[in-house]
Amino acid sequence: MLILEAEDLAKRFGNVQAVDGISLRVGQGEIAGLLGPNGAGKSTTLHMLLGLITPDSGTVRMFGLDLARHRTEVLSQVNFSASYLGLPGVLHVREVLDAFARLYGLRRPRERVGEIIDLLEIGPLARRKVIELSSGQHTRVQLAKALINEPRLLILDEPTAALDPDAGDRIRGLLVRVARETGTALLITSHNMREVERMCDRIHFVSAGRIIAQGTATELADDFGVDDLEEVFLKVAREGAVPA
Amino acid sequence: MTISRDMSVDGAASLAYPPLSMAARRRRVGGVVVRDLAALRRSPIRVFEIVFWPVIELVVWGYLTLFLQAQKVPFVVSMLLGAILLWQVLHRAANEVAIGFLEEIWSRNLLNVHVTPVTPAEYMTGLVLFSLTKIAAGITFMALLAYALYGFGLFTIGIGLVPFMAVLMVMGWSLAFVAISCVLRFGEGAQVIAWSLVFVFQPLAGVFYPVSVLPEVLQAIAAVIPATYVFEGMRTVLDGGAIPWGSLAAAGLLDVAYVALALWLYGLTLRHARTKGRLSRFGE
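A quick note: this is a predicted structure, and the numbers were derived from the prediction, not measured. (Residues numbered from 1 in each chain as written. Chains lettered and ligands numbered in written order. Predicted model: local features only at pLDDT ≥ 70, side-chain atom pairs only at ≥ 80, totals over all residues. Heavy atoms only, no water.)

Chemist: Hey, could you run me through the overall build of chain A in this one?
Modeler: Within chain A one finds nine helices and 10 strands. Taken against the 2.2 N^0.38 rule, which gives 18 Å for 244 residues, the C-alpha radius of gyration of chain A at 18 Å falls within 12% of a compact globule. Considering only C-alpha atoms, chain A reaches an extent of 55 × 40 × 35 Å along its principal axes. When each of the 244 residues of chain A is scored for burial, the buried share is 53%. Residue pairs at least 24 apart in sequence account for 66% of intrachain contacts in chain A once pairs closer than 6 positions are excluded. (Helix = DSSP H or I, 4+ residues; strand = E, 2+ residues; numbered from the N terminus. Rg over C-alpha atoms; globule rule 2.2 N^0.38 Å. Buried < 20%, exposed > 50% of the residue type's maximum accessible area, 1.4 Å probe, protein only. Contact = heavy atoms within 4.5 Å.)

The following block contains the structure:
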């Protein structure tokens, strides 16, 4: 079942063509990666999918609904986490999650907050102020927020950027489990090639606002005539290479 | 690529002043000043702020002096206390809603909120309802203090207090929506508008003196400010007159127009922010 269907998205800021005709499809339970150098247009694309940026052209449909026309319905089934976002610092973790549970209109916010705290194993943080958390703890709370509404589509912009290898590995494991067990579709960006290789069923390689290649990590490496995804990344970033 | 910079200790010393020297301290302080000057140069709103407060203070207290020259003291005292208390209703209504929004920006939480299914109308309603709590608490405290210190009871104004406060709150909220729109349009630098917009209306709305002391041009402007009718009405009531219901009805209609315009502006700037990618920048 198709969860996300973006067609020919384009966005220009002044003289810069940030996104130039990107099309994406993500199915139920699929983990898709959006990979590319800084400034390639990944975050702009994600923000268009979330309705934060209005595309100059193109359409975004989720669960068969047009985002522009059914914003509230669509966003109630989507969630987002990014390493660059914050949360209200003076609130306790439990209060933050409770607030978001309500913003997503959940029926039993307190019960859901309890479940999500258990799932993310953040019980010891529940009564701590957000401002007191380490960056790794903050990321886990952001992910708890992102899962609070049991989203059908979870969009993650560099989800493990602030985590140490152990915490990052646990979060990756959890996200894969969420996708496999609940059918949640994941769309992630990351600069961690091993993370992308390990998690993603399909990778979309973005450069200069366009998807220049897509496939599994192995398929992409073959297309570029290199050994792994990291080498693909370096070839694109440094040489502007395109698949053979 | 060749790295030519001398990275040795001696080389580092020649590149910069010794860190604890006066010269280094002057340079660092100068750096802060230069940075702030650069920020000032890049922000017309900050330049505007330099002249804003002195002008407002001068106008308000100058006209008040003119008014006091022709009044008896007991009436003036109750009028002033009533004006200060009701001004706080307007001021708090405007500021609390704006602060609620600004807190999202300060905590880099704005994008988290904007990707929820919450509609702009729901979000604004939430901010307004929350502000009501804070306004009620603040005004109650100030009213008790005014009674304890000066023997002035806010309820001296009578039943008119309810519509007076309602008109001021609605006007305050509409000003907050305008301030939020300015922040969405011009970025975080415009948050000074959230603090100061309400004060634009202080000299014009006759908060501390009747609008009759204003020049005719300013009186014409005062006539389209809802708060004007509240403060004029308050003075009438405290002077023993009847509640001017007709004027309050006009103020209510003006409030409707203010809110409609403010919400229209908010919708416009939100669409603009999404189109230009400005909303995303609040997450950076």
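Chemist: What exactly am I supposed to notice about the packing of aromatic side chains here?
Modeler: Two aromatic rings, taken as a pair, are described by how far apart their centres are and by the angle between their planes. All names here are of chain A. Applying the stated criterion across every chain yields a total of four aromatic pairs over all chains. Ring centres of F205 and F224 lie 6.4 Å apart, and the angle between their planes is 45°; on these two criteria the pair is classed as tilted. On the criterion of sequence distance, the pair formed by F205 in strand β9 (residues 202–207) and F224 in helix α8 (residues 217–224) is long-range, its members being 19 residues apart. With respect to burial, F205 and F224 carry one shared label: buried. Members of the aromatic cluster, each reached through a chain of ring pairs, are F205, F224 and F233. The ring of F100 is capped by K145, whose NZ or CZ atom sits 5.4 Å from the centre of that ring. (Phe/Tyr/Trp six-rings, centres within 6.5 Å; stacked < 30°, edge-to-face > 60°. Lys NZ or Arg CZ within 6 Å of the ring centre and 35° of its normal.)

Chemist: How should the nonpolar core be read in this particular structure?
Modeler: Burial of nonpolar side chains together is a common tendency in soluble globular proteins. One finds A:L49, B:L86 and B:F101 to be the most contacted residues of the largest nonpolar core, which totals 171 residues. Among the domains, domain 1 (2–77 + 152–239) and domain 2 (86–150) of chain A are the pair contributing at least three residues each to this core. Residues in contact with A:L49, not counting those within four places in the same chain, are A:L4, A:A6, A:L9, A:L24, A:V60, A:M62, A:L67, A:I155 and A:L187. (Core = buried A, V, L, I, M, F, W, Y, C linked by side-chain atoms within 4.5 Å. Domains from an automatic or database assignment.)

Chemist: Before we go on, may I ask you to explain the sheet that holds strand β2 (residues 16–27) of chain A in this structure?
Modeler: Backbone hydrogen bonds hold the strands of a sheet together, and the pairing may be parallel or antiparallel. Residues and elements named next belong to chain A. Strand order across the open sheet formed by four strands is β2-β1-β4-β5, with antiparallel pairing between neighbours. The open sheet has two free edges, formed respectively by β2 and β5 (65–66), since each of these has just one partner strand. Relative to β5, strand β4 (residues 57–62) runs antiparallel, the two sharing two bridges. Bridge pairing in β5 places R61 opposite D66. (Pairing = 2+ DSSP bridges.)

Chemist: Can you walk me through the sheet that holds strand β3 (residues 31–35) of chain A in this structure?
Modeler: Residues and elements named next belong to chain A. Strand order in the open sheet formed by six strands is β6-β7-β8-β3-β9-β10, with mixed pairing between adjacent strands. Both outer strands of the open sheet, β6 (78–82) and β10 (210–215), are each paired with one neighbouring strand and no more. Looking at each pair of strands side by side, their axes are set apart by 15° on average, direction ignored. Pairing of β6 with strand β7 (residues 153–157), which is carried by five bridges, proceeds in the parallel orientation. Its bridge partner lying in β7, A82 is registered against D157. Sheet strands touched by helix α5 (residues 135–147): β6 and β7. Its angle to β6, the strand with the most contacts, is close to 170°. On the sheet, α8 packs against β9 and β10 and is oriented at approximately 115° with respect to β10. (Axes fitted to C-alpha atoms, helices over the stretch in contact; angles between N-to-C directions.)

Chemist: I tried to follow the interface of chain B and chain A on my own but got confused; where do I start?
Modeler: For interface size, the figure often reported is the accessible area lost on association. With 19 residues of chain B at the interface, the matching set in chain A holds 24 residues. Of the roughly 1,900 Å² buried at the junction of chain B and chain A (both faces included), carbon and sulfur atoms supply 57%. For the pair chain B and chain A, the interface holds zero salt bridges. Joining chain B to chain A, the criterion identifies nine residue pairs in polar contact (both at pLDDT 80 or more). Those elements that place two or more of their residues in the side of chain B that touches chain A are α5 (110–114), α11 (245–276) and α12 (278–281) of chain B. The element contributing the most residues to the side of chain B that touches chain A is α5(B), with four residues. (Buried area = accessible area lost by both parts, 1.4 Å probe. Salt bridge = Lys/Arg side-chain N within 4 Å of Asp/Glu carboxyl O. Polar contact = N/O pair within 3.5 Å; in protein donor to acceptor, adjacent residues only side chain to side chain.)

Chemist: Help me out: how do you make sense of the layout of surface pockets in this one?
Modeler: If a probe the size of a water molecule is rolled over the atoms, the empty space left behind becomes visible. For the largest pocket, the calculated volume is near 630 Å³. Along the wall of the largest pocket there are 21 residues; nearest its centre are A:P88, B:G100, B:E103, B:E104 and B:N109. Here the residues of the lining of the largest pocket are counted per class, giving 13 nonpolar, five polar and three charged. (1 Å grid on protein atoms, 1.4 Å probe; cavity = no way out; pocket = protein on both sides within 12 Å on 5 of 7 lines; lining within 4 Å. Points joined across faces, edges and corners; volume = space filled by probe spheres on them. Nonpolar A, V, L, I, M, F, W, Y, C, P; charged D, E, K, R; others polar.)

Chemist: How should the environment of A:I117 be read in this particular structure?
Modeler: Residues and elements named next belong to chain A. Position of I117 among the secondary structure elements: in helix α4 (residues 109–119). Residue classification places I117 among the buried positions, given a relative accessible area of 4%. The spatial distance from the C-alpha of I117 to the C-alpha of G105 is 18 Å, given a sequence separation of 12 residues. Among all residues touching I117, those that are not within four sequence positions of it are R94, L97, I122, G123 and A126.

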